[in-house]
Amino acid sequence: MERSTGYWRVALLALPVTVFAVFIVWPLFSSFYYSFTDWNGFNPDYDFVGFTNYAKIITDKLFLNAVINTVIWMLAAILLPTALGLALALLIDSRVPGGALFKSIFYLPICLSAVVVGQIWIWIYQPDWGLLNTVIAQVTGDHPRYAWLAKPDTALGSVIVAWSWQQTGLSMVIFLAGLTSIPGDLLEVCEIEGANVWQRTRIVVIPLLTPATVVVVALSVINSLKGFDILYIMTGGGPFHSSDTLAMHMYNESFKKYLMGYGSAISVVLFLIALTVIRIYFRELRRVDEIYG
Amino acid sequence: MADIELRNVSKHFGEAEIINGVDFKAGHGEFIVFVGPSGCGKSTLLRLITGLDQVSGGQILIGGEDVTRLRPSQRGVAMVFQSYALFPHLSVAENIGFGLRLAKLPKAEIKQRVRETARILRVEDLLDRKPRQLSGGQRQRVAIGRSIIRNPKVFLFDEPLSNLDAALRVLMRLEIARLHKRLGTTMIYVTHDQTEAMTLADRIVVINRGRIEQIGSPINLYDAPANRFVAGFIGSPAMNFVELSRREGDCYLGASDQGADALLPQFTGEAAVLGVRPEHVMLADADMADLRATVEIVEKLGSETMVYLQTKAMDTPLTMRAPPESRLAPGERVSLRFERGHIHVFDHEGATISTR
Ligand SMILES: Nc1ncnc2c1ncn2[C@@H]1O[C@H](COP(=O)(O)OP(=O)(O)OP(=O)(O)O)[C@@H](O)[C@H]1O
Ligand SMILES: [Mg+2]
């Protein structure tokens, strides 16, 4: 009996461990390995070049550009959906008429894949007949024919808006769940002590939503780190690298310029950045845990 | 300070009638305790007075003013919850000063009044802590502090001590009594612990199934319960009830062959149940006995002895309070006598029949 459960344990663990090893561990190490080579991605011959690829990162203007864009992208992709999701959750929770309906509508985009969302927003931003320009034309009486995704000034921002549109629903649902977990008697204390809506929200509700906020921010961080597909669909990092993030830059270097060694070096750096962000995050998490347990 | 008056207050949730036409008045500075079994509507009644729930019918007056339609914050009431309801993210000082902060008082004044309140409740060394870092008793004090700081007209407590252990409960009970003396504010206190009710109350309101069974001082309820429910609810251990049975025109104690006529001086045909408290059951000589019994269990409590006896008259054991030095042992046959003048008689509806 003992024996056979032991077998089963190994058997059941084998599959996930294998998947993890093949698709996570192995690529991780091979990236690390190739980052010290000049491999082009398909030629079996390559040489070791030491730290040349890493040295190149330091002098690569496009890399710096990608870092800046990544910071902008991540900050916006964390702050916007979190703030909007919170606002929507508070509104729906205050029993506005039709709240349940709005809840489903706002949640809907989460069910779509990034490719679909990207395509929808490409149409919205379309210069000649896109929804955005059409609305502007209606309001101002002047059709701007502005190509939102094709101008360096607006490309990244436009993708951020599309991204937030999709992520807000998720944040909202998590905040709504957080609101229901606030003990009713705390809200009743607010009522008895005479807190107005604003005071209640600011002094009591939002701080008590901290555990929900932690989850929302965690998901936003993780999702934004992964947020490659929507950029790829909508701008491909362009125009003129104005919406290049690290992930995008790495992709372009590896698969468009066939500099697999250099791309690997970028990916190693990206990995280290992600690791740092996540570590800081978990440290903060422990602090929150101490208060809200 | 203010008096509270409920006029024919009722409350239903959907179909369910929870409170049925409650009339009741509490005077200035009175300490009123609501007691009753779980689910009888004590909390609901308190929430109606606070304004957290709206009455389905009737009126509520505080200090002579009709507050039935006012919001909780406009009624001048403060409430202490069983769960303490402290804000986990705020310090003790911020929790106590919560109401003043909402009222936008100057910071210096808030600080000074928080200190003063914390001193009264002896939590002044804890002001910087978070609720999680406090013991149950300390949390309870902070919750009380938050409610007294605004000088409310009326204090409402919903089972404030039920999360504390027995020893702490006794201490906090004394502290609440002291607080009431000091502040002189009208207080309504909900509990299902009848010791708390007996010790704290000026008057007790006994509630059962959304109705008031009786209102009176603790001693009054103890000595002269209006009905069988109150008689059984007030007093610990509970009163013994003996059903009366009638055979061939004579009245007997339960299924026994003990005649009951001697116990019922003004015998009326309506007498159905006889009640006697454990301390009014005594050992007696066989010729003076009202009832014969067998000792089943003896509990030595140190200050007294509880004896549980089997009788033919009752299905459940009869409880007798005996002195600590009592030598009764299980299995012993004894003769019992009920102390005259302390026998309660109830009719078929459970209402008390006066025997005086
Ligand atoms: N919001 C509500 N909706 C429906 N029924 C309710 C609601 N609140 C209370 N009740 C019912 O009203 C009855 C009285 O409840 P209440 O909380 O007042 O009892 P209680 O006397 O305080 O009991 P306990 O001693 O257990 O606290 C219960 O049967 C309860 O199920
Ligand atoms: Mg209750």
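Criteria and cut-off values
- Per chain, the residues get numbers from 1 upward, laid out in the order the sequence is written.
- The order in which chains are written sets their letters, starting at A; the order in which ligands are written sets their numbers, starting at 1.
- Local features in a predicted model are, by the rule used here, given only for residues with pLDDT of at least 70; side-chain atom pairs are given and counted only at 80 or more, and totals for whole chains, interfaces and linings are based on all residues.
- With hydrogens and water set aside, each side-chain value is computed from the structure's full complement of heavy atoms.
- Each domain span listed reflects an automatic or database assignment of domains.
- Two residues form a contact once any of their heavy atoms are found within 4.5 Å.
- Simply put, the buried area is the total loss of 1.4 Å probe accessible area from both parts when two parts are fitted together.
- For this document, the term salt bridge refers to a Lys or Arg side-chain nitrogen within 4 Å of an Asp or Glu carboxyl oxygen.
- Counting from the N terminus, the helices are the DSSP runs of H or I reaching at least four residues and the strands are the DSSP runs of E reaching at least two.
- Note on residue classes: Ala, Val, Leu, Ile, Met, Phe, Trp, Tyr, Cys and Pro are nonpolar, Asp, Glu, Lys and Arg are charged, and everything else, Gly too, is polar.
- A pair of strands is considered paired only if DSSP assigns at least 2 bridges between the two.
- Axis lines are fitted to C-alpha atoms, over the contacting stretch for helices. Their N-to-C directions set the angle, which ranges from 0 to 180 degrees.

Q: Please explain the domain arrangement of chain B as it appears in this structure.
A: Reports of interface size often rely on the accessible area that becomes lost once the parts have come together. Residues and elements named next belong to chain B. Domains assigned within chain B are domain 1 (4–233) and domain 2 (240–355). Each of domain 1 and domain 2 has a C-alpha centre, and these two points are 39 Å apart. In this complex, domain 1 contributes nine residues to the contact, which on the side of domain 2 involves ten residues. Carbon and sulfur atoms make up 51% of the surface buried where domain 1 meets domain 2, a total of about 810 Å² over both sides. In this structure, the connection of domain 1 to domain 2 is made through one salt bridge. Across the pair Arg228 and Glu243 runs a salt bridge, and its minimum N-O distance is 3.6 Å. Contributions of two or more residues to the side of domain 1 that touches domain 2 are made by helix H8 (218–223) and helix H9 (228–233). Class assignment of the residues belonging to the side of domain 1 that touches domain 2 gives a composition of five nonpolar, two polar and two charged.

Q: Please explain the sheet that holds strand S3 (residues 31–35) of chain B as it appears in this structure.
A: The pairing of strands in a sheet comes from backbone hydrogen bonds and takes either a parallel or an antiparallel form. Residues and elements named next belong to chain B. Pairing within the open sheet is mixed, and its six strands lie in the order S6-S7-S8-S3-S9-S10. With partners counted over all chains shown, the strands left at the sheet margins are strand S6 (77–80) and strand S10 (211–216), one partner each. The average angle at which neighbouring strand axes cross in this sheet is 20°, direction not considered. Bridge count between strand S9 (residues 203–208) and S10: five bridges; the pairing is antiparallel. Looking across to S10, one finds that Asn208 is bridged to Arg211. In the packing of helix H5 (residues 136–148) onto the sheet, the strands contacted are S6 and strand S7 (154–158), and the crossing angle to S6 comes to about 175°.

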